[in-house]
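Structural overview for review
Residues per chain are reported as follows:
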Amino acid sequence: MLLNDALLDSRDGLVLSERRLWFHFQRYPWDLVETGNNPSFGEHARQLTRRIVLGLPVPCEAQELKGEFHLGIAPHIRSYYHFMTDLLPHLIRCPSLPVLVPAWFPSGFGEFLEECGFELRILPPGTFRVQRLWLPSMADPDWDHSKVCLIQNFINEHFRTPNFKLGQAKLKRIYISRRWAGRRHLVNEDKLLPVLATHGF
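Described below are features of the structure shown in this document. Being a predicted model, the structure only gives us computed values, none of them experimental. Per chain, the residues get numbers from 1 upward, laid out in the order the sequence is written. Local features in a predicted model are, by the rule used here, given only for residues with pLDDT of at least 70; side-chain atom pairs are given and counted only at 80 or more, and totals for whole chains, interfaces and linings are based on all residues. Values shown for side chains rest on all heavy atoms present in the structure; no hydrogens or waters enter the calculation.

**Description of the nonpolar core**
- Of all hydrophobic cores here, the largest spans 36 residues; its most connected members are L113 and L133.
- Strands are runs of DSSP state E lasting at least two residues, helices are runs of H or I lasting at least four, and both sets are numbered from the N terminus onward. Sorting the residues of this core by element identifies β1 (2–9), β5 (63–71), α2 (80–93), β6 (99–102), α3 (107–115), β7 (120–123), β8 (127–134) and α4 (145–159) as the ones contributing at least two each.
- Here the element with the most residues in this core is α2; it accounts for five residues.
- Ranked by size, the runner-up nonpolar core spans nine residues in total, among them L7, Y28, W30 and L48. Grouping buried Ala, Val, Leu, Ile, Met, Phe, Trp, Tyr and Cys residues that are joined through side-chain atoms within 4.5 Å yields what is termed a nonpolar core. Relative accessibility under 20% of the residue-type maximum defines a buried residue, over 50% an exposed one, and the middle range a partly exposed one, all with a 1.4 Å probe and only protein chains included.

Structure (structure tokens):
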């Protein structure tokens, strides 16, 4: 989605465009005029009502950002999962433009994007009036076969070529455990590990 003359809070990516708010990219839209169109309960309502209490972008305080940019700022973008499912597919599919990222953007994510040829624009905390701003979509479900193939092909194109120097070392397969994660961990990991070992992990 492309917005014109959008107000952006670079602390968490809240966007104000005309009479609508956008939060977590396009996940949580909010109508400031026809409030009856907004959900009155659930995660969507909780996210926006909590955020609105903290204040909206103030036009008179905004710094001008002329040009066209991708939004790379959202509260959840610290997460590797959401970086891969929400931001990266958007950047792959859309025109090559500078990506607005926050000062707290993980350095590893930034280095990866720059290695892939994306231009980053790091914004300090504040309000910005962006001339043209692309917002990543937030489709359900987060993952589907086409998105997996898109990312796999992109990674292979950029990191499995002669220009990427791996030396003579054999590529290693790794498995990243979530054993100590508080949530979203595998309950049968002990049974899975021997299976992975047979495939070279």
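**Description of the sheet that holds β5**
- With mixed pairing, the eight strands of this open sheet are ordered in space as β4-β3-β2-β1-β8-β5-β6-β7. Of all the strands in the sheet, just β4 (28–31) and β7 have a single pairing partner and so form its edges. Taking the axes of each pair of neighbouring strands and ignoring which way they run, one obtains an average angle of 40 degrees across the sheet. A pair of strands is considered paired only if DSSP assigns at least 2 bridges between the two. Between the N-to-C directions of two axes lies an angle of 0 to 180 degrees, each axis being a line fitted to C-alpha atoms and, for a helix, fitted only over the stretch in contact.

**Here's the deal with the packing of aromatic side chains**
- Each Phe, Tyr or Trp ring, with Trp reduced to its six-membered ring, pairs with another whose centre is within 6.5 Å; inter-plane angles below 30 degrees give stacked pairs, above 60 give edge-to-face pairs, and intermediate values give tilted ones. Enumeration according to the criterion identifies five aromatic pairs in this entry.
- On the numbers, 5.9 Å between centres and 70 degrees between planes, the contact of F105 with F109 is edge-to-face. Neither residue differs from the other here; F105 and F109 are each classed as buried.
- Here a set of aromatic residues connected by ring pairs shows up, and it is made of F83, F105, F109 and F112.
- Consider the ring centre and the ring normal. A charge sits over the ring if Lys NZ or Arg CZ is within 6 Å of that centre and within 35 degrees of that normal. The cationic tip of R78 hangs over the ring face of W104; the distance from NZ or CZ to the ring centre is 4.0 Å.

**Comments concerning the environment of S146**
- Position of S146 among the secondary structure elements: in helix α4.
- Along the backbone, S146 and L192 are 46 residues apart, and their C-alpha atoms lie at a distance of 26 Å.
- There is a polar contact of 2.8 Å between the side chain of S146 and the side chain of D144. Pairing of N or O atoms within 3.5 Å defines a polar contact, subject to two protein rules: one partner must be a possible hydrogen donor and the other a possible acceptor, and residues neighboring in sequence count only if both atoms are side-chain atoms.

Such coordinate-based values are descriptive only and should not be taken to indicate function.
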